[in-house]
Amino acid sequence: MPDRAFIATRKGLFELAAKGGEWAVVDKHFYGEPVSMVLHDARDGATYAALNLGHFGCKLHRRDAGGEWQEVAVPVYPPKPEDSTDKTEWTLRQIWSLETGGPDQPGVLWAGTLPGGLFRSNDRGDSWQLVDSLWNVENRSQWFGGGYDYPGIHSICVDPRNSNAVLVGVSCAGAWLTEDGGATWSLRAKGMHASYMPPELAEQEDAQDPHRIVRCQDDPDVLWCQHHCGIWHSTDNGRNWAEVKTAPLSSFGFAVAVHPRDGNTAWFVPGVADQQRVPVDAALAVTRTNDGGASFAVLRGGLPQEHCYDLVYRHGLTVADDGKTLLMASTTGGVWLSANGGDYWQTISLNLPPVYAVRFV
């Protein structure tokens, strides 16, 4: 069982620790500043915090194990060509996702950003390179924002069998896969359906809005997607996606987590679509499937069941390596932890700032 975690919020980065079986906030960093993403690198013990400071721009900080926070480089877009017809501004608006490269790639980091660029660092964030091959794919100028004014890359799934194989989720442009370290890319959203598009375009792969995509670590061909229009599941590394129509309460939401060893087990946080974006009946619940989506359990133990309007963002739900410890946090500052796969949740806080991301250490 893990004993430490980070919570990235609109007013700082909060550190949690387990004491005698109970979890509590034990430290805070970047107090009062918006932290859009946090990443702990188990390969060398470093922690990364991405800040979105508005007028002062985006910042990235790294803390080595036992050390102090140090500012490092942020992804930088090249100047837009003068003859470009691309309506997207080539300017970093937010670091929306951070992931490590494979264990055989020390120092490699991936960053997904708004407005839809993927960046790679080979030196622990000291420098970044735009992945031009994805930025220059055909029709990239037609990507559009899902909740933001710009498209963005929110999910980065490195294949544990091959560090050069990376799948990314884009809102709104579907899923894309490289198998050669980013040299070439192919769409991986076949089977998804976008009901917000005209009927003749609803199956178009690069018009899909996956809210979040996660990969099973020990069964890496298995992927789960919480889409704007439902839940999808792939068992062939994203070549084909099947809609899961058995989810109770609602198939709308943002967050999904998959068991690290059992690809049939995944967790979701359903909400009311689309304009309301609150828990169904104002009662917070997590749904869990243990059989690949054939059936679900509704988990409410320890969660507020009256006058609850908490929304869990894309990165607001995570599962630890033990496959049974889950951490969940919301836009209204609620934080809950489960030590038994979601059957019961301990309330850690109900009044933190709005939460953007959670990570176990």
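Conventions used here
- Residues numbered from 1 in each chain as written.
- Predicted model: local features only at pLDDT ≥ 70, side-chain atom pairs only at ≥ 80, totals over all residues.
- Heavy atoms only, no water.
- Helix = DSSP H or I, 4+ residues; strand = E, 2+ residues; numbered from the N terminus.
- Rg over C-alpha atoms; globule rule 2.2 N^0.38 Å.
- Buried < 20%, exposed > 50% of the residue type's maximum accessible area, 1.4 Å probe, protein only.
- Areas by Shrake-Rupley, 256 points an atom, 1.4 Å probe, with all protein chains shown as cover.
- Lys, Arg positive; Asp, Glu negative; His and termini not counted.
- Charge placed at Lys NZ, Arg CZ, Asp CG, Glu CD.
- Pairing = 2+ DSSP bridges.
- Core = buried A, V, L, I, M, F, W, Y, C linked by side-chain atoms within 4.5 Å.
- Contact = heavy atoms within 4.5 Å.
- Polar contact = N/O pair within 3.5 Å; in protein donor to acceptor, adjacent residues only side chain to side chain.
- Axes fitted to C-alpha atoms, helices over the stretch in contact; angles between N-to-C directions.

## Quick word on the overall build of the protein chain
For step 1, the next point in the chain: Scanning the protein chain from N- to C-terminus turns up one helix and 28 strands.
For step 2, the next point in the chain: For the protein chain, the C-alpha radius of gyration of 19 Å lies close to 21 Å, the compact-globule estimate for 361 residues.
For step 3, the next point in the chain: Each principal axis of the C-alpha atoms in the protein chain carries an extent, and together these give about 55 × 50 × 40 Å.
For step 4, the next point in the chain: When burial is assessed residue by residue, the protein chain has 58% of its 361 residues classed as buried.
For step 5, the next point in the chain: Total accessible area on the protein chain is roughly 14600 Å²; 46% of this is exposed by carbon and sulfur atoms.
For step 6, the next point in the chain: The positive charge centre, built from 29 side chains, and the negative charge centre, built from 43, are 3 Å apart in the protein chain.

## Section: the sheet that holds strand 9 (residues 109-114)
For step 1, the next point in the chain: In space, the four strands of this open sheet follow the order 8-9-10-11, with antiparallel pairing throughout. The strands lining the two open edges of the sheet, one partner per strand, are strand 8 (94-100) and strand 11 (129-130).
For step 2, the next point in the chain: Note that strand 8 and strand 9 share six bridges and pair antiparallel. From the neighbouring strand, Leu 98 faces strand 9, where its bridge partner is Ala 111.

## Quick notes on the nonpolar core
For step 1, the next point in the chain: Counting 29 residues, the largest nonpolar core has Leu 13, Leu 60 and Leu 98 as its most contacted members.
For step 2, the next point in the chain: Elements supplying a minimum of two residues to this core: strand 1 (4-9), strand 4 (35-40), strand 5 (47-52), strand 6 (58-63), strand 7 (69-72), strand 8 and strand 9.
For step 3, the next point in the chain: Here Leu 60 is in contact with Tyr 48, Ala 49, Ala 50, Gln 70, Glu 71, Val 72, Ala 73, Val 74, Ile 95, Leu 98 and Trp 128, once residues within four sequence places are set aside.

## As for the side chain of His 40
For step 1, the next point in the chain: Checked against the element boundaries, His 40 lands in strand 4.
For step 2, the next point in the chain: Among the polar contacts listed, one links the side chain of His 40 to the backbone oxygen of Ala 46, at a separation of 3.5 Å.
For step 3, the next point in the chain: Looking at His 40, its side chain comes within polar contact range of the side chain of Thr 47, at 3.2 Å.
For step 4, the next point in the chain: For His 40, the contacting residues outside a window of four places in its chain are Gly 45, Ala 46, Thr 47, Phe 360 and Val 361.

## Focus: the pairing of strand 13 (residues 162-171)
For step 1, the next point in the chain: Most of strand 13 is tucked away, with eight of its 10 residues classed as buried.
For step 2, the next point in the chain: Two elements, strand 12 (residues 152-159) and strand 13, share seven bridges in a ladder whose sense is antiparallel. Bridge pairing in strand 13 places Asp 159 opposite Asn 162.
For step 3, the next point in the chain: Counting the residues that bridge the hairpin from strand 12 to strand 13 gives two residues.

## Some details on the sheet that holds strand 20 (residues 256-258)
For step 1, the next point in the chain: Ordered in space as 20-21-22-23, the four strands form an open sheet in which the pairing is antiparallel. Lying at the two open borders of the sheet, with one neighbouring strand each, are strand 20 and strand 23 (297-299). The mean inter-strand angle of the sheet, taken between neighbouring strand axes irrespective of direction, is 25°.
For step 2, the next point in the chain: In this sheet, strand 22 (residues 286-289) lies alongside strand 21 (residues 266-268) in antiparallel orientation, the contact comprising three bridges. Looking at the pairing, Ala 266 lines up with Thr 289 of strand 22.

## Section: unusual backbone geometry
For step 1, the next point in the chain: The amide bond that connects Ser 171 to the next residue, Cys 172, takes the cis arrangement and shows omega of 0°.
For step 2, the next point in the chain: The residue after Ala 273, namely Asp 274, is reached through a cis peptide bond having omega -5°.
For step 3, the next point in the chain: Positive phi is not limited to glycine here, since Phe 30 has a value of about 55°.
For step 4, the next point in the chain: You can see Phe 30 is positioned in the loop between strand 3 (22-29) and strand 4.
For step 5, the next point in the chain: Taking the relative accessible area as the measure of exposure, Phe 30 reaches 14% and is therefore buried.
For step 6, the next point in the chain: Here Asn 237, not a glycine, exhibits a phi torsion of approximately 60°, which is positive.
For step 7, the next point in the chain: Tracing the backbone through its elements, the reader meets Asn 237 in the loop between strand 18 (230-234) and strand 19 (242-244).

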